[in-house]
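Read off the chains here:
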Amino acid sequence: MEKDCIFCQIIQGEKQGDFVYQDNSVVAFKDQNPQAPVHILILPKNHIRSINDLSENDRPVISEMFLRAKEIASEMGIAQSGYKLVFNVERGGGQYVFHLHLHLIGGWQRKES
Ligand code: 5GP
Ligand code: ZN
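Just so we're clear, the structure is a prediction, and the values are computed from it rather than from any experiment.

As a further point, take the sheet that holds strand β1 (residues 19–22). Taking strand neighbours across the sheet as the criterion, the 5 strands line up as β1-β2-β3-β5-β4 in an open arrangement whose pairing is antiparallel. Looking along the sheet, the strands with just one partner apiece sit at the ends: β1 and β4 (83–86). Direction aside, neighbouring strands of the sheet carry axes that sit 15° apart on average. Strand direction decides the pairing type here: β4 and strand β5 (residues 102–106), joined by 4 bridges, are antiparallel. Paired with L85 across the strands is L104, a residue of β5. The strands touched by helix α2 (residues 59–75) within the sheet are β1, β2 (26–30), β3 (38–44), β4 and β5, with β3 carrying the most contacts at an inclination of about 155°.

What follows is the structure, encoded as structure tokens:
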């Protein structure tokens, strides 16, 4: 828990979050400013700043995040239509909240060509 981290505050229940999943190691909640009809953030409960800060010990939680992304995509009904999984890494990569999170983005209506 990092006192000044908004995602730690959401995980601790100090700030409102629209959760779609929680277990001992991972949480997922809706992005407050969605970039697509489905926009979910999947996070480790432990505070990790970014992909650059991952260590060998984090292998299980990273694996859990991807498996959970797959499950949530299925629950949201976008598994077959498709989606993006994105990590923004540090400022130059578009990261603004420095608590590791995986964006699950999808649900666009595509015209078939
Ligand atoms: P980043 O640019 O760091 O990869 O993504 C941060 C994401 O967190 C953005 O998509 C932004 O809309 C979202 N976000 C920022 N603050 C909050 C918040 O307090 N609650 C929720 N649910 N999402 C947030
Ligand atoms: Zn944090």
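Once you've had a look at it, read on.
All right, on to the nonpolar core then. Counting 16 residues, the largest nonpolar core has I40, I42, M65, I72 and L104 as the members making the most contacts within it. With 6 residues, α2 is the largest single contributor of residues to this core. The residues touching L104, leaving out its near neighbours within four places in the chain, are V38, H39, I40, I42, A69, I72, A73, I78, Y83, K84 and L85. Listed in part, the 10 residues of the second largest apolar core include C8, V27, F29 and V97.

Here we come to the pairing of β2. Burial analysis of β2 places 4 of its 5 residues in the buried class, which makes it a mostly covered element. Where β1 lies against β2, 3 bridges are found, and the strand directions are antiparallel. Across the sheet, residue F19 finds its bridge partner in β2, namely F29. By the bridge criterion, 5 bridges tie β2 to β3 in an arrangement that is antiparallel. Bridge pairing in β3 links F29 to L41.

A separate point is the pattern of salt bridges. Counted according to the given criterion, the structure contains 6 salt bridges. Note that R68 and E64 form a salt bridge whose closest N and O atoms lie 3.4 Å from each other. Taken together, the residues span about one helical turn, with R68 and E64 both in helix α2 at a distance of 4 residues. A single burial state applies to R68 and to E64, both of which are buried.

You can see F66 is positioned in helix α2. Its relative accessible area of 38% is what places F66 among the partly exposed residues. Along the chain, F66 and S25 lie 41 residues apart, while their C-alpha atoms are 13 Å from each other. Once residues within four sequence positions are removed from consideration, F66 is found in contact with L85, F87 and L102.

Analysis parameters
Residues numbered from 1 in each chain as written. Chains lettered and ligands numbered in written order. Predicted model: local features only at pLDDT ≥ 70, side-chain atom pairs only at ≥ 80, totals over all residues. Heavy atoms only, no water. Pairing = 2+ DSSP bridges. Helix = DSSP H or I, 4+ residues; strand = E, 2+ residues; numbered from the N terminus. Axes fitted to C-alpha atoms, helices over the stretch in contact; angles between N-to-C directions. Contact = heavy atoms within 4.5 Å. Core = buried A, V, L, I, M, F, W, Y, C linked by side-chain atoms within 4.5 Å. Buried < 20%, exposed > 50% of the residue type's maximum accessible area, 1.4 Å probe, protein only. Salt bridge = Lys/Arg side-chain N within 4 Å of Asp/Glu carboxyl O.

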